[in-house]
Amino acid sequence: MATYIPQLAHADPDHFGISLVAADGANFETGDADHAFTIQSISKPFTFGMALEEFGPQEVAHRVGVEPSGDAFNSIELQNGTNRPHNPMINAGAIAVTALLHSRYGSATFDAVLHRLSAAAGRRLVVDECVYESERSTGHRNRAIAHLLLNFGLVHSEAERALDVYFRQCAILVTCHDLAVMGATLANMGRNPRTGELVFDIITVKHVLSIMFTCGMYDYSGEWAYRVGVPAKSGVSGGLLAIVNRQMAIACYSPRLDNRGNSCRGIDVCTELAATFGLHAFDCLNVGSSFLQSVL
Ligand code: GLN
């Protein structure tokens with residue numbers, strides 16, 4: 001389990017939950033699907049979506065790239081030439097995204113993030129203050145990344161305040177059920193299928209799912225795209241969210257991680273479900289665009 005955030009070491013390694021929410025809101029779940037844990041990096045696609053809507057893709061692209069890094073999630077590595085973080089799914093990119101939001105919302109940034117993630121989950125989410133405090137007081141590596149970005153002018157001068165928002169967003173508590181509803185909101189073209197609320201616009205969803213597909217599993221992203229073949233995002237507390245576009249979201253929680261920081265059981269669950277039900281984007285069972293079929 002992740003222990004570099006000391007509070008995460010207290011999780012029960014045997015917890016194991018799975019929740020599926022379909023794009024029409026139907027819900028199937030088993031195990032510890034109602035156990036709350038911190039969202040960690042699974043917050044990243046959602047803050048990236050917020051930044052795209054607030055600043056537009058061009059402005060966001062000045063701060064963060066869209067290339068898989070092939071490096072670990074906490075790598076202190078920036079792109080040659082531009083000095084941008086490789087993508088918004090690794091820590092450096094996510095910190096740049098949150099700092100961009102902070103440059104506009106200031107002290108209201110965290111509330112805006114919490115509000116949007118809550119809308120995606122369909123209920124008011126809260127923060128685990130112990131995990132937040134644990135990461136805030138030990139997150140020296142992320143602090144180094146934020147200052148490196150500041151050095152290159154990729155974040156504004158309030159880098160420390162923005163980093164604080166990043167630590168808080170990672171400490172938002174969710175269950176598998178919440179994550180699956182958040183994922184189903186993306187699968188359902190940005191509209192929460194349980195509440196009917198439009199949370200992200202359709203262009204944002206396309207961009208967010210693309211990045212999740214190519215970069216969501218860190219340095220396992222290529223293998224994941226090959227074997228499982230759906231957009232996904234993992235977090236170090238053991239959560240994993242996989243999205244089958246226009247169909248459903250699969251959320252898993254199991255705290256034991258592999259050496260890339262992805263949930264071991266989470267990977268197994270998604271690999272098996274994808275193989276059994278033909279969920280891979282390029283599976284022959286996946287017939288693609290019904291619009292094109294209707295006009296041909
Ligand atoms: N809060 C964690 C960190 O920044 C998130 C990382 C993760 O979930 N992979 O280190």
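Please refer to the structure higher up on the page.
What comes next is a walk through the structure. (Residues numbered from 1 in each chain as written. Predicted model: local features only at pLDDT ≥ 70, side-chain atom pairs only at ≥ 80, totals over all residues. Heavy atoms only, no water.)

Let's talk about the overall build of the chain
Selection rule: By the criteria applied, helices consist of DSSP H or I runs no shorter than four residues and strands consist of E runs no shorter than two, each listed in order from the N terminus. Only protein chains enter the calculation, and the probe is 1.4 Å; a residue is then buried if its accessible area is under 20% of its type maximum, exposed if over 50%, and partly exposed in between. We call two residues contacting when some pair of their heavy atoms lies within 4.5 Å.
What the chain contains, in helices and strands, is 11 helices and 7 strands. Judged by the C-alpha coordinates and their principal axes, the chain covers about 50 × 45 × 35 Å. Sorting the 296 residues of the chain into buried and exposed places 56% on the buried side. For the chain, long-range pairs separated by at least 24 residues make up 65% of all intrachain contacts whose partners lie at least 6 apart in sequence.

Some details on the pairing of strand E7 (residues 248-253)
Here is the rule: The criterion for strand pairing is that DSSP finds at least two bridges linking the strands in question.
A large share of E7 lies buried, amounting to 6 of its 6 residues. Looking at chain direction, strand E1 (residues 17-22) and E7 are connected through 6 bridges and run antiparallel. Following the sheet pairing, Ile18 is matched in E7 by Cys252. The antiparallel pairing of strand E6 (residues 239-244) with E7 creates a hairpin that spans 3 residues between the two strands, and Arg246 there sits at a positive phi of about 70°.

Observations regarding the sheet that holds E1
To summarise the sheet geometry, strands pair through backbone hydrogen bonds and adopt either a parallel or an antiparallel arrangement. Note the following rule: The axes are straight lines fitted to the C-alpha atoms, using for helices just the contacting stretch, and the angles between their N-to-C directions are given from 0 to 180°.
Ordered in space as E2-E1-E7-E6-E5, the 5 strands form an open sheet in which the pairing is antiparallel. Looking along the sheet, the strands with just one partner apiece sit at the ends: strand E2 (27-31) and strand E5 (232-234). For this sheet, the mean angle separating the axes of adjacent strands, direction not counted, is 10°. Judged from the 6 bridges that link them, E6 and E7 form a sheet pairing that is antiparallel. The residue bridging Ala242 from the neighbouring strand is Ile250, located in E7.

Quick notes on the site of the ligand
Selection criterion: Here, proximity means that at least one heavy atom of the residue falls within 4 Å of the molecule or strand. Throughout this description, a polar contact denotes any pair of N or O atoms lying within 3.5 Å of each other; where both atoms belong to protein, one of them has to be capable of donating a hydrogen while the other can accept it, and for residues adjacent in sequence the pair is counted only when both atoms sit in side chains. Surface accessibility in these figures is a Shrake-Rupley result with a 1.4 Å probe; residues are shielded only by whichever protein chains are displayed. Think of it as three bins: nonpolar holds Ala, Val, Leu, Ile, Met, Phe, Trp, Tyr, Cys and Pro, charged holds Asp, Glu, Lys and Arg, and polar takes everything else, Gly as well.
Inspection of the region around the ligand gives Tyr4, Gln40, Ser41, Phe73, Asn91, Glu135, Asn142, Tyr166, Cys170, Tyr218, Gly235 and Val236 as its neighbouring residues. Measuring from an oxygen atom of the ligand, one finds a side-chain N or O atom of Ser41 at 2.7 Å. The contact in question runs from a nitrogen atom of the ligand to an N or O atom on the side chain of Glu135, over 2.8 Å. Expressed as a share of its isolated accessible area of 300 Å², the protein-covered part of the ligand is 100%. Its residues placed into classes, the shell around the ligand shows 6 nonpolar, 5 polar and 1 charged.

Some remarks on the packing of helix H3 (residues 109-121) against helix H6 (residues 159-170)
What counts is decided by this rule: Reported orientations rely on four angle classes, namely roughly parallel under 35 degrees, roughly antiparallel over 145, roughly perpendicular from 65 to 115, and oblique for the rest. When the near helix sits turned anticlockwise from the far one by under a right angle, the crossing is termed left-handed; a clockwise turn instead gives a right-handed crossing.
Running from amino to carboxyl end, H3 crosses H6 at an angle of 25°, the nearest separation of the two axes being 10 Å. Taken together, the axes of H3 and H6 lie roughly parallel to each other. Here H3 and H6 pass one another in a crossing that is right-handed. Side by side, H3 and H6 meet where Thr109, Phe110 and Val113 of the first sit next to Val165, Arg168 and Gln169 of the second. Its residues placed into classes, the contact of H3 with H6 shows 3 nonpolar, 2 polar and 1 charged.

Quick word on helix H5 (residues 140-151)
Applicable threshold: Multiplying one less than the number of residues by 1.5 Å gives the expected span of a helix. Directions from the helix axis toward the C-beta atoms define the arc.
With 12 residues, H5 extends 16 Å from end C-alpha to end C-alpha; this agrees with the ideal 16 Å at 1.5 Å per step. The complete set of buried residues in H5 reads Asn142, Arg143, Ile145, Ala146 and Leu149. Take H5 and look down its axis: the buried residues cluster within an arc of 160°, on one side only. Away from its buried face by more than 90 degrees, H5 exposes His140 and Asn151. On its buried face, H5 is in contact with helix H2 (91-105), helix H4 (129-138) and H6.

Quick look at the environment of Leu150
Mapped onto the elements of the fold, Leu150 is located in helix H5. C-alpha separation for the pair Leu150 and Thr38, spaced 112 residues apart in sequence, amounts to 27 Å. Discounting chain neighbours no more than four positions away, the residues touching Leu150 are Val155, His156, Ser157 and Ala159.

Regarding the pattern of salt bridges
What counts, and what does not: Whenever Lys or Arg places a side-chain nitrogen within 4 Å of a carboxyl oxygen from Asp or Glu, that contact is recorded as a salt bridge.
If you walk through the whole model with that rule in mind, you get 9 salt bridges. The residue Asp14 makes a salt bridge to Arg256 at a minimum N-O spacing of 3.0 Å. You can see Asp14 sitting in the segment before E1 and its partner Arg256 sitting in the loop between E7 and helix H10 (264-277), a full 242 residues away along the chain. By relative accessible area, Arg256 is classed as partly exposed at 37%.

Some words on the side chain of Asn192
Take Asn192: it is sitting in the loop between helix H7 (176-187) and helix H8 (202-215). Exposure remark for Asn192: the relative accessible area of 0% places this residue in the buried category. Only 3.0 Å separates the side chain of Asn192 from the backbone oxygen of Ala120, close enough to count as a polar contact. Looking at Asn192, its side chain comes within polar contact range of the main-chain nitrogen of Thr195, at 3.2 Å. Contacts of Asn192, omitting those with residues within four sequence positions, involve Ala119, Ala120, Ala121, Gly122, Val181, Thr185, Glu197 and Val199.

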